[in-house]
Amino acid sequence: MNDPILLLRDGQFVDCNTATLRLLGYHSKAEFLNRRPSDISPAVQPDGRSSEDKAAELIATALREGYHRFEWIHARADGSAIPVEVTLTPITVAGELILHTLWRDITERKRAEEALAEYSRDLEALNRELAASNAHLAAAHQELERLAMRDTLTGAWNRRYLGEITQQEILRMERYGHPVSLIFIDLDHFKQINDTHGHAAGDAVLSAFCDVARQCMRATDMLGRWGGEEFVIAMPNSGLMIASLLAERIRTAMMAHQFPLVGSVTASFGVAECRAGETWECWLARADAALYSAKQAGRNRVIADASDWHETDQAELLDLAFLRLVWRDAYESGHAEIDRQHRNLFDHANTLLTAVIGDRPKGEILPLIKILQADLLTHFADEEALLRTTRYAETDHHVAVHQALVERAQDLAANFQADALALGDLFNFLAYDVVAKHMLSEDRKFFPHLAPLAEAAN
């Protein structure tokens, strides 16, 4: 047998074969025997424990379990270290307990393991480098995508990307019925700015205009540069009234802003809401036509394309010349108290609208919001009590709609007060979703049931 074999008794080597002497570099058994494992081992093993303590523990384990295999570092006669795999097996010879010890030189295995470990470390380092490189490439790709979608001067969406996202909004409108509107904007007399102050000043005006517009816009509104001094704002979930309100806010903010070197700059606005079945090209053409009308009428104004709309549609709710909600006879229910409360809510919404357009401070706007909310609660309670006296089958549903509107209004008002919501979003809900849309769609369903009550009152 070529493997080194040793016999241990009472912790000392009492016999060994020639292979052991050859492995460890001893010339005779006399030089080797009667030594302890710790005598021919480094003082400390690779795990940090002393060879003496660890050898005692391993021998105890072999005696207890009847077999034990482990790795060990031995020292040759010249002091050099050699890794071995040791198998300890307790045997009884002539009534004495002896540990049969088999060694295997694992130097090559250890070299292979170290080479594999080093290869694994190199591979991990390479993977980290690749990950960093991929992250860099991904960032570069994102930047290229951003540049492909953004106007490099203003940071607004470019013409191509704006066309893509508006097509998506048209599909969303057709599928879910959510309104979407467009504002076409042209900076007035922009050529004169370039001719008088130079193109660098003109570029500064374009960038500053985008900053002014973004301060007025909601988070969901999308500003794009159409070309030159022309811009387009796409407004998801917004009808003509809300889009006209935003256009007026931007127009007013532009008049109040002083542009470096140039001073005051105005803009003209054309507004159009997308119609059912309308293409992007037709929708844009209507907004462009409204913009043209604004420029023909003297510039620095908002013109909305509200032609061909029925009286009860939201386009007719807004007097575009004065940007206010307009009460019409067609909105009458025939019940004096309900109609009085509806008109009162219109008035409160107009007061809030005036404050929003005028960019009044938050301290002035909050009381107006609270007044509108209080009147809504009173109106909803009175309306629900009235409905319960009729045979209107959808009374419970209508009450549930009221409750949902009230809870939503309270949440939005709280978020606005905590500076977590833009005023435009809150106004959109209160003035459009609650006062206008709810009253002119949901409420109209029960108007026929109020007729007998109105006749009885007369």
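Use the structure listed above.
The structure reproduced in this document is the subject of the present report.

Cut-off values and rules
- Residues numbered from 1 in each chain as written.
- Predicted model: local features only at pLDDT ≥ 70, side-chain atom pairs only at ≥ 80, totals over all residues.
- Heavy atoms only, no water.
- Helix = DSSP H or I, 4+ residues; strand = E, 2+ residues; numbered from the N terminus.
- Rg over C-alpha atoms; globule rule 2.2 N^0.38 Å.
- Buried < 20%, exposed > 50% of the residue type's maximum accessible area, 1.4 Å probe, protein only.
- Phe/Tyr/Trp six-rings, centres within 6.5 Å; stacked < 30°, edge-to-face > 60°.
- 1 Å grid on protein atoms, 1.4 Å probe; cavity = no way out; pocket = protein on both sides within 12 Å on 5 of 7 lines; lining within 4 Å.
- Points joined across faces, edges and corners; volume = space filled by probe spheres on them.
- Nonpolar A, V, L, I, M, F, W, Y, C, P; charged D, E, K, R; others polar.
- Salt bridge = Lys/Arg side-chain N within 4 Å of Asp/Glu carboxyl O.
- Core = buried A, V, L, I, M, F, W, Y, C linked by side-chain atoms within 4.5 Å.
- Contact = heavy atoms within 4.5 Å.
- Axes fitted to C-alpha atoms, helices over the stretch in contact; angles between N-to-C directions.
- Parallel < 35°, antiparallel > 145°, perpendicular 65-115°, else oblique.

### Digging into the overall build of the protein
For the protein, the count of helices and strands is 15 helices and twelve strands. Whereas a compact globule of 458 residues would reach a radius of gyration of roughly 23 Å, the protein reaches 43 Å, over 25% beyond that. Dimensions of the protein along its principal axes, counting C-alpha atoms only, are 130 × 70 × 45 Å. Expressed as a percentage of the 458 residues in the protein, the buried residues total 45%.

### Focus: the packing of aromatic side chains
Under the criterion given, the structure shown has twelve aromatic pairs. Both rings, one in Phe13 and one in Phe32, keep their centres 5.1 Å apart while their planes meet at 25°; by these two values the pair is stacked. Highlighted residues: Phe13 in strand β2 (residues 12-16) and Phe32 in helix α2 (residues 29-32), separated in sequence by 19 residues. The buried category is assigned to Phe32, whose relative accessible area is 0%. Between Trp226 and Trp280, the aromatic rings sit 6.0 Å apart at their centres with planes inclined by 70°, giving edge-to-face as the arrangement.

### A few points about empty space enclosed by the protein
Evaluated as defined, the whole model comprises two cavities of 30 Å³ or more. In this structure, the largest cavity occupies an estimated 110 Å³ of space. Lining the largest cavity are 13 residues, and of these Leu8, Pro37, Phe70, Val86 and Leu88 lie nearest its centre. Among the secondary structure elements, those contributing two or more residues to the lining of the largest cavity are α3 (51-65), β3 (68-75), β4 (81-93) and β5 (96-105). Broken down by class, the residue content of the lining of the largest cavity amounts to eleven nonpolar, two polar and no charged.

### Focus on the environment of Ala422
Position of Ala422 among the secondary structure elements: in the loop between α13 (395-417) and α14 (423-442). The exposure class assigned to Ala422 is partly exposed, which follows from its relative accessible area of 31%. Along the sequence, Ala422 and His348 sit 74 residues apart, while their C-alpha atoms lie 19 Å from each other.

### Concerning the pattern of salt bridges
Counted by the stated rule, this structure contains 30 salt bridges. Linking Glu71 and Arg109 is a salt bridge whose minimum nitrogen-to-oxygen distance equals 2.6 Å. Of the two residues, Glu71 is situated in strand β3 and Arg109 in helix α4 (residues 107-149); the sequence distance between them amounts to 38 residues. Here Arg109 falls in the partly exposed class, since its relative accessible area comes to 32%. Salt-bridge contacts for Asp188 lead to Lys295; the nearest nitrogen and oxygen are separated by 3.8 Å. Residue Asp188 is located in the loop between β6 (180-187) and α6 (190-197), and its partner Lys295 is located in helix α9 (residues 280-296); the two are separated by 107 residues in the primary sequence. Under the relative-accessibility criterion, Asp188 is labelled buried at 3%. Linked by salt bridges that have partners in common, Glu71, Glu85, Arg109, Lys110 and Glu113 make up one network.

### Considering the nonpolar core
By size, the foremost hydrophobic cluster in this structure holds 72 residues, and its most contacted members are Ile183, Phe209, Ile233, Ile250, Met254, Ile369 and Leu430. In terms of residue count, the dominant contributor to this core is α14 (ten residues). Every residue in contact with Ile250, bar those within four places of it in the chain, is listed here: Phe209, Ala213, Cys216, Ile233 and Phe269. By size, the runner-up hydrophobic cluster in this structure holds 23 residues, among which are Leu8, Leu33, Ala55 and Val84.

### A look at the packing of helix α8 (residues 240-256) against helix α11 (residues 336-357)
Contact pair α8 / α11: the axes reach a minimum separation of 9 Å and the direction vectors enclose 35°. Taken together, the residues of α11 that come into contact with α8 (itself represented by Leu245, Glu248, Arg249 and Thr252) are Leu353, Val356 and Ile357.

### Quick look at the packing of α6 against helix α7 (residues 199-216)
Packing of α6 against α7 brings their axes to within 6 Å, and their N-to-C directions diverge by 140°. With respect to their mutual orientation, α6 and α7 come out oblique. On the side of α6, the interface is formed by Phe190, Ile193, Asn194 and His197, while α7 contributes His199, Ala201, Gly202, Val205 and Leu206. Within the contact of α6 with α7, the residues separate by chemical class into five nonpolar, four polar and no charged.

### Examining the layout of surface pockets
Volume-wise, the largest pocket comes out at about 370 Å³. Lining the largest pocket are 17 residues, and of these Arg218, Asn237, Arg408, Asn428 and Asp433 sit closest to its centre. Those elements that place two or more of their residues in the lining of the largest pocket are α13 and α14. Per-element accounting of the lining of the largest pocket gives the leading share, six residues, to α14. Along the lines of polarity and charge, the residues of the lining of the largest pocket split into seven nonpolar, five polar and five charged.

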